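Observations on the model geometry
Chain by chain, the residues run as shown.
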Amino acid sequence: MEEYSTLEGTVHSIIFQNPDNGYTVLRLLTDEGEVVNTVGCLPCAAPGERMLLTGRMEVHPQHGEQFSVRDAERRMPAEEDEILSYLSSGAIKGVGPATAARMVERFGSETLDVIERAPEKLTQLKGVTSKRAMEIAQSFRSQMELRRLMEFLARFELPIVLAMLLEKRYGGTALDVLRENPYLLAGGTFGVEFSTADEIAISLGIPADSACRVEAAVLFELDHNADNGHVFLPREKLIDATARLLECGCEQVERALDDLMERCAVVQEQVANVTACYLRRLYDAERYAQRKIELLLSAAADQGGGVEELIGRIEEEQGISYAPAQRQAVELAARQGVLLLTGGPGTGKTTSVRGIVALFRRMGLDTVLAAPTGRAAKRMGELCGMEAQTIHRLLGMSFSESTGEVSFIKGEKEPLEADAVIVDEMSMVDLMLMAALLRALRPGCRLVMVGDPDQLSAVGAGNVFSDLIRSGRIATVALREIFRQAERSAIVRNAHAVNEGRLPALDNDQGDFFFLRRRDPVRTAATIVELVQTRLPEKMGVPVEQIQVLTPTHKGEAGTVNLNRVLQAALNPRRPDRRERSWGERLFREGDRIMQTKNDYDVVWEKPDGTVGTGMFNGDVGRIEQIDPSGEWLTVNFDDRLATYTADQLSEIDLAYAMTVHKAQGSEYRCVVLSAVNAAPALMVRGVLYTAITRARELLIVVGDEAAVGRMTENDRQQKRYSGLKWRLRGGERA
DNA sequence: ACCTGCAT
């Protein structure tokens, strides 16, 4: 489909280069004598270097025609004039135009060899001390290391950015480390397919039955399954999957597994009737979580004396009267060390949490609010009238590029000072984060966990919230009564139906829940555009800004990428008076609906009344107000706050006419249009449908195939993650 | 064969 062309020439000059990701803008002098502006990932590109590029011509709204690189074959400068322009450009630390000229005059086309292999010869030149010669050689060598790494990766068609990541992790020795063990590319940190890593290993002559290969495969399987939410794998499944991956016998895998267990990289333990194999870090986290929760439960001092009276006063003060379950929640928070509070949208979780906050304040408890995502934390803070932060920030999390390790300042050695911690959106907390939080709680600290267990689960491994609920060991208040919506709402009824595994009613006579059958994704997309552009605003009186299109996937005709393209074209078409700015594959236009895609605590915003603040959060949706003619900045209106983005922050925003159901978790809209089409099996799950339905306050239109709706309703597989926490809390082997 | 969180 995509048409690519090639371009060959010598780098004339570098206009821009980002040393972190290799993104480069340069002028290429082609063999036809033309100068072409070229952009792409070309780390340490330098003048004089020859390139054979594959890519295509594009028109940039500000910078005009340019060649966008997809693939590059590169060769170091070889001719004297190429070497001269390379060295004169400042590409090597310690070499300027004058030294460059002297070097090339003296060593000719051998110059680069001399620098790399015999730098002591450089001292023959005027003004070059041996110290400086060594520095020059060092700078050149580290560049060559990166270039060789890139070449190596390119041979296996791996993305060039990987070179930057490997260099950050292993420095100058990255290529040696990689040659030693190519399997470190597989899975997790670098995200390379096992088969690709395996192919590299084979080409390097690593034998198929070498221990390092089989062990790597076992760890890859465990890691890969952890990505899918499993805390452990049953031994037989692990062995079977690994043997299939390697096309080898089970005995070999068993031997490797034994070795890994001996080194404690893998822990095997009986969980109920399953022989469970854990990655070490997940095992430690699960055991710690169990023990610490038990400690918190036993340390709980009932401070319930006089609680009724306190609650009465809070009701008076807040001008409300609690429903029985809400009252029970507030009361139990005072009596129990650990409390679980569950409920779907509209069941009054927030009211209860505000009550608990008020109660803790009156009890003199130093209380901290936290949530697993930035936006959930922001919302929690606003609703409770006090500061809330991400759990990660609360614990002082940091991430080291060089080791790839996550660490927390707060922990057993330096615990949080709080007497009570309240966590919202618990369904999104995974096991590793839970363990990190528990490590930072002082014994006796109260812990209140709030959430909707039917929502989409955490990204990481574990089923923490539902394990805690189903363990039966922890006081739980389930809020069921729905206050927000009338019981006759089909949205609510259908949400419940889906939750119980029954098909939602798709018969269209129910006021707020409609189904439009479109078996073909192309027609699904067309119908969605028509709904959003004309039918809903004109026939149902819903303004476009109050409609959100949701879809399970990014891919395909009815995925976010295409829907955003067609919705942008329909709702905010190109106009002479609307400026545009492109960023990579994306095109932004004044008036576009966009979304912040990562927490940024530094974005500056201003309200019309002059209030100034900072911080936008992953999932915040706004509208592009103005694009600066030079393309240096743009302003976005988020709900009355006007935020200014600089060019380098553009990677943090994306079009938001359509977004994935996952992204919408935690938000609500007056009207939701859901694209219900077949997508990858992992996405055709009940939680996706339930979450999509419950995002709609007043109106929900499902467009698509009822078979897809049926598949999602039936499939509760995502709830079934291998995890031992529930079993351990129930008493484990003692039971 | 695909979705996603956080951190400097």
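Residues numbered from 1 in each chain as written. Chains lettered and ligands numbered in written order. Predicted model: local features only at pLDDT ≥ 70, side-chain atom pairs only at ≥ 80, totals over all residues. Heavy atoms only, no water.

The cut-off we apply is this: UniProt positions are given in the numbering used here, feature names are shortened, and annotations may be inferred rather than shown by experiment.
If you check an unreviewed UniProt entry, chain A appears there as ATP-dependent RecD2 DNA helicase from Dysosmobacter acutus. The Function (unreviewed entry) comment attached to chain A in UniProt states, word for word, "DNA-dependent ATPase and ATP-dependent 5'-3' DNA helicase. Has no activity on blunt DNA or DNA with 3'-overhangs, requires at least 10 bases of 5'-ssDNA for helicase activity." Quoted verbatim from the Catalytic activity (unreviewed entry) heading of the UniProt record, the comment on chain A is "ATP + H2O = ADP + phosphate + H(+)".

**A word on the pattern of salt bridges**
Short version of the rule: For this document, the term salt bridge refers to a Lys or Arg side-chain nitrogen within 4 Å of an Asp or Glu carboxyl oxygen. Secondary structure is summarised from DSSP: a helix means a run of H or I of at least four residues, a strand means a run of E of at least two, and numbering begins at the N terminus for each. Residue burial is assigned from relative accessible area. The probe radius is 1.4 Å, only protein chains are included, and a residue is buried under 20% of its type maximum, exposed over 50%, and partly exposed in between.
Overall, the coordinates contain 38 salt bridges when judged by the stated rule. In this structure, Glu-308 and Arg-335 form a salt bridge, with 3.5 Å as the shortest nitrogen-oxygen distance. Here Glu-308 is found in helix α12 (residues 307–318), whereas its partner Arg-335 is found in helix α13 (residues 324–335), with 27 residues between them in sequence. Given a relative accessible area of 43%, Glu-308 falls into the partly exposed group. Taken together, the shared-partner salt bridges in this structure form one network comprising Glu-269, Glu-286, Arg-287 and Arg-728.

**A look at the nonpolar core**
The test is simple: Grouping buried Ala, Val, Leu, Ile, Met, Phe, Trp, Tyr and Cys residues that are joined through side-chain atoms within 4.5 Å yields what is termed a nonpolar core. In what follows, a contact means two residues having at least one pair of non-hydrogen atoms within 4.5 Å.
If you look at the biggest cluster of nonpolar residues, it comprises 71 residues, and the most contacted ones within it are Met-426, Met-434, Leu-438, Leu-441, Leu-447, Met-449 and Leu-468. The contact partners of Leu-468, leaving out residues within four places of it in the chain, are Ile-293, Leu-340, Met-426, Met-434, Met-449, Ile-474, Leu-725 and Leu-729. In terms of nonpolar packing, the next biggest core, distinct from the first, is built from 34 residues, Val-529, Trp-605, Tyr-645 and Ala-658 among them.

**What about the packing of aromatic side chains?**
Test applied: Aromatic pairs are defined between Phe, Tyr and Trp rings, using the six-membered ring for Trp, whenever the two ring centres lie within 6.5 Å; interplanar angles under 30 degrees are classed as stacked, those over 60 as edge-to-face, and all others as tilted. Each ring is checked for a lysine NZ or an arginine CZ that lies within 6 Å of its centre and within 35 degrees of its normal; such an atom marks a charge sitting over the ring.
Enumeration according to the criterion identifies eight aromatic pairs in this entry. The ring centre of Tyr-288 lies 4.6 Å from the NZ or CZ of Arg-439, which sits over that ring. When the ring centre of Trp-605 is taken as origin, the NZ or CZ atom of Arg-641, which lies over that ring, is 5.1 Å away.

**A word on empty space enclosed by the protein**
The line we're drawing: Two kinds of site are reported from a 1 Å grid over the protein atoms alone, namely cavities, where a 1.4 Å probe fits but cannot get out, and pockets, open sets with protein on both sides within 12 Å along at least five of seven lines, and residues are called lining when an atom falls within 4 Å of a point. Grid points are joined across faces, edges and corners, and a volume is the space filled by probe spheres set on the points. In this classification, the charged set is Asp, Glu, Lys and Arg, the nonpolar set is Ala, Val, Leu, Ile, Met, Phe, Trp, Tyr, Cys and Pro, and all remaining amino acids, among them Gly, are polar.
A complete count under the given rule lists three cavities of 30 Å³ or more for this structure. Space inside the largest cavity adds up to approximately 90 Å³. Contributing to the lining of the largest cavity are 14 residues, with Ser-427, Ser-457, Asn-463, Phe-465 and Ser-466 lying nearest its centre. Residues belonging to the lining of the largest cavity are distributed by class as follows: seven nonpolar, seven polar and no charged.

**Digging into the packing of helix α8 (residues 211–227) against helix α9 (residues 235–246)**
Using the following cut-off: For helices, the fitted line uses only the C-alpha atoms of the stretch in contact; every axis is such a line through C-alpha atoms, and the angle between N-to-C directions lies from 0 to 180 degrees. With respect to orientation, any angle under 35 degrees is reported as roughly parallel, any angle over 145 as roughly antiparallel, any angle of 65 to 115 as roughly perpendicular, and every other angle as oblique. In this scheme, a crossing is called left-handed if the near helix is turned counterclockwise away from the far one by less than a right angle; it is called right-handed if the turn is clockwise.
Contact geometry for α8 and α9: axes closest at 9 Å, N-to-C directions at 125°. The pairing of α8 with α9 is recorded here as oblique in orientation. For the crossing formed where α8 meets α9, the hand is right-handed. Facing Arg-213, Val-214, Ala-217, Val-218, Phe-220, Glu-221 and Leu-222 of α8, the residues of α9 in contact are Leu-238, Ala-241, Thr-242, Leu-245 and Leu-246.

**Overview of the protein's contact with DNA strand B**
For clarity, the cut-off: Residues are labelled near a given molecule or strand when at least one of their non-hydrogen atoms is within 4 Å of it. Any N or O atom pair separated by 3.5 Å or less is treated as a polar contact, with the protein-specific requirement of one donor-capable and one acceptor-capable atom, and with residues adjacent in sequence counted only for side-chain atom pairs.
Not every one of the 24 residues close to DNA strand B is listed here, only the nearest: Gly-374, Arg-393, Val-459, Thr-660 and Lys-663. At 3.0 Å, a side-chain N or O of Asn-618 approaches a phosphate oxygen of DNA strand B. At the level of elements, α16 (391–394), β12 (397–399) and α22 (661–664) are the ones that each hand at least two residues to the surface near DNA strand B. Split by residue class, the surface near DNA strand B holds ten nonpolar, ten polar and four charged.

**Looking at a negative patch on the surface**
Spelled out, the test is: By definition, no residue in a patch forms a salt bridge, and every one has over 30% relative accessible area; like charges are joined within 9 Å, nonpolar side chains (Val, Leu, Ile, Met, Phe, Trp, Tyr) within 5 Å. Throughout, the Shrake-Rupley method with a 1.4 Å probe supplies accessible areas, and for residues the shown protein chains are the sole cover considered. Two residue types count as positive, namely Lys and Arg, and two as negative, namely Asp and Glu; His and chain ends fall outside the count. Note that the charge is assigned to NZ on lysines, CZ on arginines, CG on aspartates and CD on glutamates.
Together, Glu-251, Glu-254, Asp-258, Asp-259 and Glu-262 make up a negatively charged patch on the protein surface. Mapped onto the elements, Glu-254 comes out in helix α10 (residues 250–262). Taking relative accessible area as the criterion, Glu-254 reaches 32% and is therefore assigned partly exposed.

**Some details on helix α1 (residues 80–88)**
Note the threshold: Here the arc refers to the directions that run from the helix axis out to each C-beta atom.
Taken together, the buried positions of α1 are occupied by Glu-82, Ile-83, Tyr-86 and Leu-87. Buried residues of α1 fall within an arc of 125° about the axis and therefore sit on the same side. Just downstream of α1, Gly-90 is the residue with a positive phi angle, here 90°.

**Notes on the environment of Gln-268**
Among the secondary structure elements, Gln-268 is positioned in strand β7 (residues 266–271). Given the relative accessible area of 29%, Gln-268 is considered partly exposed. Taking the C-alpha atoms as reference, Gln-268 lies 42 Å from Gln-596; in sequence the two are 328 residues apart. For Gln-268, the contacting residues outside a window of four places in its chain are Arg-235, Met-261, Thr-275, Ala-276 and Cys-277. A polar contact is formed between the side chain of Gln-268 and the side chain of Arg-235, at a distance of 2.6 Å.

**Observations regarding unusual backbone geometry**
Located in the positive-phi region is Cys-264, a residue other than glycine, with phi close to 65°. In this structure, Cys-264 sits in the loop between α10 and β7. Not every positive phi belongs to a glycine, and Glu-425 is a case in point at roughly 55°. Residue position: Glu-425 is located in the loop between β14 (420–423) and α17 (431–439).

**Overview of helix α23 (residues 686–693)**
The buried fraction of α23 amounts to eight of the eight residues, a majority that puts the element mostly inside the structure. Within the span of α23, buried status applies to Arg-686, Gly-687, Val-688, Leu-689, Tyr-690, Thr-691, Ala-692 and Ile-693.

**So, the UniProt feature "coiled-coil region" (unreviewed entry) in chain A**
As recorded in UniProt, the sites labelled "coiled-coil region" (unreviewed entry) are residues 243–270. As a span, residues 243–270 carries 61% helix and 18% strand, and end to end its C-alpha atoms are 22 Å apart.

**Thoughts on the sheet that holds β14**
How we decide: When DSSP finds two or more bridges between two strands, those strands count as paired.
Across the sheet, which stays open at both edges, the six strands sit in the order β11-β10-β14-β15-β9-β16 with parallel pairing between neighbours. Each of the sheet's edge strands pairs with one partner strand only, and the pair in question is β11 (388–390) and β16 (475–479). Across the sheet, the axes of successive neighbouring strands diverge by a mean angle of 20°, strand direction being ignored. In this sheet, β11 lies alongside strand β10 (residues 367–371) in parallel orientation, the contact comprising three bridges. By the bridge assignment for β11, Ala-370 is matched with Gln-389. Docked against the sheet, α13 engages β9 (338–343), β15 (446–451) and β16, running at close to 160° with respect to β16.

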